[in-house]
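# A look at the structure
Chain residues, written in single-letter form:
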Amino acid sequence: MTPVLSIQHASLVYPNGNGGLLALDNLSFDVAPGEFVCVIGPSGCGKSSMLKLFSGLRRPTEGQIIFEGEPLVHPRRRIGVVFQKANLMPWRTVLQNITLPLELERVPGEAAMSRARELVELVGLAGFENARPRDLSGGMEQRVAIARALVHRPDVLLLDEPFGSLDALTRERMHLELLRIWDRYRKTVIMVTHSISEAILLADRVIVLTARPGRLRADLPIRLPRPRTLEQVFTPEFGALVTQVRAAIE
Ligand SMILES: Nc1ncnc2c1ncn2[C@@H]1O[C@H](COP(=O)(O)OP(=O)(O)OP(=O)(O)O)[C@@H](O)[C@H]1O
Ligand SMILES: [Mg+2]
(Lines give C-alpha, C1' and ligand atoms only; values in the text may rest on other atoms or scores of the structure.)
(Ligands and ions follow the chains in the order given, each with its own letter.)
Protein backbone atom coordinates (compact mmCIF):
# COMPACT_ATOMS: atom_id res chain seq x y z
CA MET A 1 0.00 0.00 0.00
CA THR A 2 1.25 3.52 -0.76
CA PRO A 3 2.16 5.28 2.48
CA VAL A 4 0.12 8.33 3.43
CA LEU A 5 3.14 9.89 5.13
CA SER A 6 6.84 9.15 4.96
CA ILE A 7 9.79 10.70 6.63
CA GLN A 8 12.79 10.20 4.38
CA HIS A 9 16.38 10.60 5.54
CA ALA A 10 15.31 13.55 7.65
CA SER A 11 17.83 15.38 9.77
CA LEU A 12 17.00 18.45 11.80
CA VAL A 13 19.55 20.94 13.11
CA TYR A 14 18.47 23.76 15.45
CA PRO A 15 20.77 26.79 15.29
CA ASN A 16 22.47 27.36 18.64
CA GLY A 17 25.40 29.64 17.75
CA ASN A 18 27.73 26.70 18.23
CA GLY A 19 27.57 24.69 15.03
CA GLY A 20 23.90 23.80 15.63
CA LEU A 21 22.16 21.16 17.68
CA LEU A 22 21.41 17.94 15.83
CA ALA A 23 17.94 16.89 17.01
CA LEU A 24 17.12 14.22 14.41
CA ASP A 25 19.59 12.24 12.35
CA ASN A 26 18.71 10.51 9.09
CA LEU A 27 15.29 9.35 10.26
CA SER A 28 13.20 7.33 7.81
CA PHE A 29 9.95 5.39 8.08
CA ASP A 30 6.60 5.11 6.29
CA VAL A 31 3.10 5.28 7.70
CA ALA A 32 0.30 3.43 5.91
CA PRO A 33 -3.22 4.88 5.57
CA GLY A 34 -5.30 4.11 8.66
CA GLU A 35 -2.32 2.93 10.64
CA PHE A 36 -1.94 3.82 14.32
CA VAL A 37 1.75 4.42 15.02
CA CYS A 38 3.19 5.27 18.42
CA VAL A 39 6.63 6.84 18.75
CA ILE A 40 8.57 6.40 21.94
CA GLY A 41 12.06 7.45 23.02
CA PRO A 42 14.04 9.18 25.78
CA SER A 43 13.21 12.75 26.76
CA GLY A 44 14.87 15.23 24.42
CA CYS A 45 15.44 12.67 21.64
CA GLY A 46 13.49 14.72 19.11
CA LYS A 47 9.96 13.26 19.22
CA SER A 48 8.20 16.64 19.28
CA SER A 49 10.60 17.90 16.62
CA MET A 50 9.70 14.90 14.45
CA LEU A 51 5.99 15.62 14.92
CA LYS A 52 6.56 19.25 13.87
CA LEU A 53 8.11 17.94 10.67
CA PHE A 54 5.06 15.72 10.08
CA SER A 55 2.78 18.70 10.72
CA GLY A 56 4.56 20.83 8.12
CA LEU A 57 5.22 23.52 10.75
CA ARG A 58 8.95 22.95 10.36
CA ARG A 59 11.09 21.72 7.47
CA PRO A 60 13.89 19.20 7.93
CA THR A 61 17.44 20.47 7.43
CA GLU A 62 18.06 17.48 5.20
CA GLY A 63 15.71 14.89 3.76
CA GLN A 64 11.98 15.34 3.37
CA ILE A 65 8.46 14.51 4.47
CA ILE A 66 6.18 13.07 1.82
CA PHE A 67 2.42 13.45 2.27
CA GLU A 68 0.37 11.48 -0.25
CA GLY A 69 3.21 11.38 -2.71
CA GLU A 70 4.12 15.09 -2.55
CA PRO A 71 6.78 16.83 -0.45
CA LEU A 72 5.15 18.46 2.59
CA VAL A 73 6.26 22.07 2.71
CA HIS A 74 3.60 23.79 4.84
CA PRO A 75 0.83 22.85 7.30
CA ARG A 76 -2.18 21.16 5.73
CA ARG A 77 -5.76 21.11 6.91
CA ARG A 78 -5.87 17.39 6.33
CA ILE A 79 -3.21 16.91 8.99
CA GLY A 80 -4.62 17.69 12.46
CA VAL A 81 -2.35 18.23 15.45
CA VAL A 82 -2.88 17.95 19.21
CA PHE A 83 -0.01 19.23 21.31
CA GLN A 84 0.95 18.23 24.82
CA LYS A 85 -0.94 21.18 26.26
CA ALA A 86 -4.48 21.75 25.09
CA ASN A 87 -3.87 25.50 24.48
CA LEU A 88 -7.51 26.43 24.57
CA MET A 89 -8.65 30.05 24.46
CA PRO A 90 -9.74 30.71 28.05
CA TRP A 91 -12.43 33.23 27.13
CA ARG A 92 -14.07 30.98 24.56
CA THR A 93 -16.55 28.23 25.34
CA VAL A 94 -16.02 24.59 24.39
CA LEU A 95 -18.00 25.06 21.16
CA GLN A 96 -16.21 28.30 20.32
CA ASN A 97 -12.83 26.70 20.85
CA ILE A 98 -13.74 23.88 18.50
CA THR A 99 -15.05 26.20 15.79
CA LEU A 100 -12.03 28.51 15.93
CA PRO A 101 -10.16 26.89 13.00
CA LEU A 102 -13.35 27.10 10.90
CA GLU A 103 -13.89 30.77 11.79
CA LEU A 104 -10.37 31.54 10.69
CA GLU A 105 -11.38 30.17 7.31
CA ARG A 106 -14.70 31.99 7.30
CA VAL A 107 -16.82 28.86 7.27
CA PRO A 108 -20.39 30.09 7.88
CA GLY A 109 -21.36 30.10 11.58
CA GLU A 110 -24.25 27.65 11.21
CA ALA A 111 -22.17 25.02 9.47
CA ALA A 112 -19.30 25.47 11.91
CA MET A 113 -21.61 25.13 14.93
CA SER A 114 -23.30 22.00 13.68
CA ARG A 115 -19.91 20.42 13.00
CA ALA A 116 -18.71 21.43 16.49
CA ARG A 117 -21.81 19.91 18.13
CA GLU A 118 -21.17 16.64 16.34
CA LEU A 119 -17.58 16.63 17.64
CA VAL A 120 -18.61 17.52 21.20
CA GLU A 121 -20.78 14.44 21.08
CA LEU A 122 -17.97 12.34 19.63
CA VAL A 123 -15.47 13.25 22.36
CA GLY A 124 -18.05 12.74 25.12
CA LEU A 125 -18.54 16.35 26.19
CA ALA A 126 -22.28 16.71 25.56
CA GLY A 127 -23.68 19.09 28.15
CA PHE A 128 -20.45 21.12 28.31
CA GLU A 129 -20.88 23.01 25.02
CA ASN A 130 -20.97 26.37 26.77
CA ALA A 131 -18.44 25.70 29.53
CA ARG A 132 -15.17 27.67 29.58
CA PRO A 133 -11.81 25.90 29.87
CA ARG A 134 -11.43 26.91 33.56
CA ASP A 135 -14.50 24.81 34.35
CA LEU A 136 -13.11 21.69 32.66
CA SER A 137 -10.82 18.96 33.99
CA GLY A 138 -7.48 18.28 32.27
CA GLY A 139 -8.95 15.28 30.46
CA MET A 140 -11.90 17.34 29.23
CA GLU A 141 -9.57 20.05 27.96
CA GLN A 142 -7.65 17.44 25.98
CA ARG A 143 -10.92 16.17 24.52
CA VAL A 144 -11.70 19.70 23.33
CA ALA A 145 -8.23 19.87 21.76
CA ILE A 146 -8.86 16.55 20.00
CA ALA A 147 -12.25 17.77 18.78
CA ARG A 148 -10.64 20.97 17.51
CA ALA A 149 -8.01 18.93 15.64
CA LEU A 150 -10.78 16.86 14.04
CA VAL A 151 -12.79 19.86 12.90
CA HIS A 152 -11.38 19.86 9.35
CA ARG A 153 -11.96 16.10 9.09
CA PRO A 154 -8.23 15.48 8.76
CA ASP A 155 -6.96 12.22 7.33
CA VAL A 156 -3.99 12.26 9.65
CA LEU A 157 -3.99 13.03 13.36
CA LEU A 158 -0.70 13.90 15.06
CA LEU A 159 -0.72 13.63 18.84
CA ASP A 160 2.17 14.81 21.04
CA GLU A 161 1.81 13.14 24.43
CA PRO A 162 -1.79 14.32 24.63
CA PHE A 163 -2.45 12.49 27.89
CA GLY A 164 0.87 13.18 29.59
CA SER A 165 -0.56 15.44 32.27
CA LEU A 166 -3.55 13.26 33.14
CA ASP A 167 -3.93 10.95 36.11
CA ALA A 168 -3.78 7.20 35.44
CA LEU A 169 -7.54 6.58 35.49
CA THR A 170 -8.40 9.51 33.22
CA ARG A 171 -5.62 8.41 30.94
CA GLU A 172 -7.13 4.93 30.65
CA ARG A 173 -10.51 6.41 29.81
CA MET A 174 -8.91 8.63 27.19
CA HIS A 175 -7.19 5.60 25.64
CA LEU A 176 -10.53 3.91 25.19
CA GLU A 177 -12.07 7.10 23.81
CA LEU A 178 -9.25 7.54 21.33
CA LEU A 179 -9.52 3.91 20.22
CA ARG A 180 -13.26 4.36 19.76
CA ILE A 181 -12.76 7.48 17.62
CA TRP A 182 -10.01 5.80 15.62
CA ASP A 183 -12.14 2.72 15.12
CA ARG A 184 -15.00 4.82 13.81
CA TYR A 185 -13.03 7.01 11.41
CA ARG A 186 -9.85 5.01 10.79
CA LYS A 187 -7.71 8.12 10.57
CA THR A 188 -4.01 7.64 10.35
CA VAL A 189 -2.58 8.43 13.78
CA ILE A 190 0.98 9.22 14.78
CA MET A 191 1.19 9.59 18.52
CA VAL A 192 4.22 10.42 20.64
CA THR A 193 4.22 8.97 24.13
CA HIS A 194 6.52 8.22 27.05
CA SER A 195 4.45 5.26 28.13
CA ILE A 196 5.38 1.80 26.84
CA SER A 197 2.04 0.27 27.84
CA GLU A 198 0.10 3.15 26.26
CA ALA A 199 2.02 2.64 23.01
CA ILE A 200 1.35 -1.11 22.96
CA LEU A 201 -2.30 -0.78 23.94
CA LEU A 202 -3.05 1.69 21.15
CA ALA A 203 -0.70 1.09 18.26
CA ASP A 204 -0.33 -1.17 15.24
CA ARG A 205 3.36 -0.34 15.33
CA VAL A 206 5.75 1.13 17.86
CA ILE A 207 8.68 3.16 16.58
CA VAL A 208 11.52 3.51 19.08
CA LEU A 209 13.97 6.40 18.71
CA THR A 210 17.47 6.57 20.18
CA ALA A 211 18.58 9.29 22.58
CA ARG A 212 19.40 12.58 20.81
CA PRO A 213 20.04 12.81 18.00
CA GLY A 214 16.90 10.81 17.33
CA ARG A 215 17.56 7.90 15.00
CA LEU A 216 15.41 4.89 14.28
CA ARG A 217 16.21 2.28 16.93
CA ALA A 218 13.35 -0.18 16.36
CA ASP A 219 10.12 -0.55 14.41
CA LEU A 220 7.99 -3.18 16.16
CA PRO A 221 4.66 -4.50 14.88
CA ILE A 222 1.98 -4.90 17.58
CA ARG A 223 -0.19 -7.77 16.51
CA LEU A 224 -2.64 -7.81 19.42
CA PRO A 225 -6.26 -8.41 18.39
CA ARG A 226 -8.62 -5.45 18.03
CA PRO A 227 -10.76 -3.99 19.41
CA ARG A 228 -8.26 -3.51 22.20
CA THR A 229 -9.39 -3.61 25.80
CA LEU A 230 -7.74 -2.61 29.06
CA GLU A 231 -7.78 -6.29 30.10
CA GLN A 232 -5.26 -7.09 27.37
CA VAL A 233 -2.64 -5.31 29.46
CA PHE A 234 -2.62 -8.34 31.78
CA THR A 235 -2.06 -10.98 29.08
CA PRO A 236 1.31 -12.72 28.57
CA GLU A 237 1.40 -11.45 24.95
CA PHE A 238 1.20 -7.89 26.20
CA GLY A 239 3.90 -8.54 28.80
CA ALA A 240 6.20 -9.97 26.13
CA LEU A 241 5.72 -6.84 23.99
CA VAL A 242 6.50 -4.59 26.96
CA THR A 243 9.75 -6.50 27.46
CA GLN A 244 10.55 -6.19 23.76
CA VAL A 245 9.92 -2.42 23.62
CA ARG A 246 11.79 -1.84 26.87
CA ALA A 247 14.78 -3.78 25.55
CA ALA A 248 14.76 -1.61 22.40
CA ILE A 249 14.73 1.57 24.50
CA GLU A 250 17.55 0.49 26.81
N1 LIG B 1 12.73 25.38 18.89
C2 LIG B 1 13.90 24.84 19.30
N3 LIG B 1 15.05 25.53 19.21
C4 LIG B 1 16.22 24.98 19.60
N5 LIG B 1 16.33 23.73 20.09
C6 LIG B 1 15.22 23.01 20.20
C7 LIG B 1 13.94 23.52 19.83
N8 LIG B 1 13.00 22.56 20.04
C9 LIG B 1 13.68 21.51 20.55
N10 LIG B 1 15.00 21.76 20.66
C11 LIG B 1 16.03 20.81 21.10
O12 LIG B 1 15.96 19.66 20.29
C13 LIG B 1 16.09 18.48 21.07
C14 LIG B 1 14.87 17.62 20.88
O15 LIG B 1 13.75 18.29 21.43
P16 LIG B 1 12.28 17.71 21.35
O17 LIG B 1 11.38 18.66 22.03
O18 LIG B 1 11.98 17.35 19.94
O19 LIG B 1 12.45 16.36 22.21
P20 LIG B 1 11.35 15.33 22.75
O21 LIG B 1 11.80 13.98 22.36
O22 LIG B 1 10.01 15.77 22.31
O23 LIG B 1 11.50 15.48 24.34
P24 LIG B 1 10.37 15.25 25.47
O25 LIG B 1 10.17 13.77 25.54
O26 LIG B 1 11.04 15.77 26.71
O27 LIG B 1 9.16 16.01 25.08
C28 LIG B 1 16.32 18.94 22.52
O29 LIG B 1 17.70 18.91 22.76
C30 LIG B 1 15.80 20.36 22.53
O31 LIG B 1 16.56 21.14 23.41
MG1 LIG C 1 8.32 16.41 23.32
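Just so you know, these numbers come straight off a predicted model, no measurement behind them.

## Examining the overall build of the protein
If you tally the helices and strands in the protein, you get 7 helices and 10 strands. Expected size for 250 residues packed as a compact globule is a radius of gyration near 18 Å; at 18 Å, the protein falls within 12% of this value. Dimensions along the principal axes, computed over C-alpha positions, put the protein at roughly 45 × 45 × 35 Å. Counting all 250 residues of the protein, 37% fall into the buried class. Taking all contacts inside the protein whose residues are at least 6 apart in sequence as the whole, residues at least 24 apart take part in 71%.

## Brief notes about the site of ligand 1
Inspection of the region around ligand 1 gives Tyr 14, Leu 21, Ala 23, Gly 41, Ser 43, Gly 44, Cys 45, Gly 46, Lys 47, Ser 48, Ser 49 and Arg 212 as its neighbouring residues. If you list the elements that add at least two residues to the shell around ligand 1, you get strand S2 (21-31) and helix H1 (47-55). The element best represented in the shell around ligand 1 is H1, accounting for 3 residues. A breakdown of the residues in the shell around ligand 1 according to their chemical character gives 4 nonpolar, 6 polar and 2 charged.

## Digging into the packing of helix H2 (residues 94-104) against helix H3 (residues 109-122)
Their axes nearest at 9 Å, the elements H2 and H3 cross at an angle of 130°. With respect to their mutual orientation, H2 and H3 come out oblique. Taken as a pair, H2 and H3 cross one another with a handedness that is right-handed. Taking contact as the criterion, the partners of Val 94, Leu 95, Ile 98, Thr 99, Leu 102 and Glu 103 in H2 are, on H3, Ala 112, Met 113, Arg 115, Ala 116, Leu 119 and Val 120. In the contact of H2 with H3, the residues fall into 9 nonpolar, 1 polar and 2 charged.

## Things to note about the packing of H2 against helix H4 (residues 138-150)
Where H2 contacts H4, the axes come no closer than 8 Å and their chain directions differ by 30°. Taken together, the axes of H2 and H4 lie roughly parallel to each other. Considering the relative orientation of H2 and H4, their crossing is right-handed. Along the contact surface, H2 presents Val 94, Asn 97, Ile 98, Leu 100 and Pro 101, while H4 presents Val 144, Ala 147 and Arg 148. Broken down by class, the residue content of the contact of H2 with H4 amounts to 6 nonpolar, 1 polar and 1 charged.

## Focus: the pairing of strand S6 (residues 79-82)
Residues Ile 79 and Val 81 point to one face of S6 and Gly 80 and Val 82 to the other, with burial holding for every one of them. Two elements, S6 and strand S7 (residues 156-160), share 4 bridges in a ladder whose sense is parallel. If you follow Gly 80 over to S7, its bridge partner there is Leu 157.

## Topic: the sheet that holds S2
Strand order in the open sheet formed by 4 strands is S2-S1-S4-S5, and the pairing between neighbours is antiparallel. Two strands in the sheet have a free side with no partner beyond their single neighbour: S2 and strand S5 (70-71). Where strand S1 (residues 5-14) lies against S2, 7 bridges are found, and the strand directions are antiparallel. By the bridge assignment, Tyr 14 is partnered in S2 with Leu 21. Strands in contact with H1 are S1, S2 and strand S4 (62-67); relative to S1, the strand with the most contacts, it is inclined by about 125°.

## A short note on the sheet that holds S6
Spatial strand order, S6-S7-S8-S3-S9-S10: 6 strands in an open sheet with mixed pairing. With partners counted over all chains shown, the strands left at the sheet margins are S6 and strand S10 (216-221), one partner each. Taking the axes of each pair of neighbouring strands and ignoring which way they run, one obtains an average angle of 15° across the sheet. In the sheet, S7 pairs with strand S8 (residues 188-192) via 5 bridges, with the strands oriented parallel. Paired with Leu 157 across the strands is Val 189, a residue of S8. Each of S6 and S7 is contacted by H4, which is oriented at about 165° to S6, the strand it contacts most.

Quick notes on the rules
Residues numbered from 1 in each chain as written. Chains lettered and ligands numbered in written order. Predicted model: local features only at pLDDT ≥ 70, side-chain atom pairs only at ≥ 80, totals over all residues. Helix = DSSP H or I, 4+ residues; strand = E, 2+ residues; numbered from the N terminus. Rg over C-alpha atoms; globule rule 2.2 N^0.38 Å. Buried ≥ 20, exposed ≤ 12 C-beta atoms within 10 Å, placed from the backbone. Contact = placed C-beta atoms within 7 Å. Near = placed C-beta within 6 Å. Nonpolar A, V, L, I, M, F, W, Y, C, P; charged D, E, K, R; others polar. Axes fitted to C-alpha atoms, helices over the stretch in contact; angles between N-to-C directions. Parallel < 35°, antiparallel > 145°, perpendicular 65-115°, else oblique. Left-handed = near helix turned anticlockwise from the far one by under 90°. Pairing = 2+ DSSP bridges.

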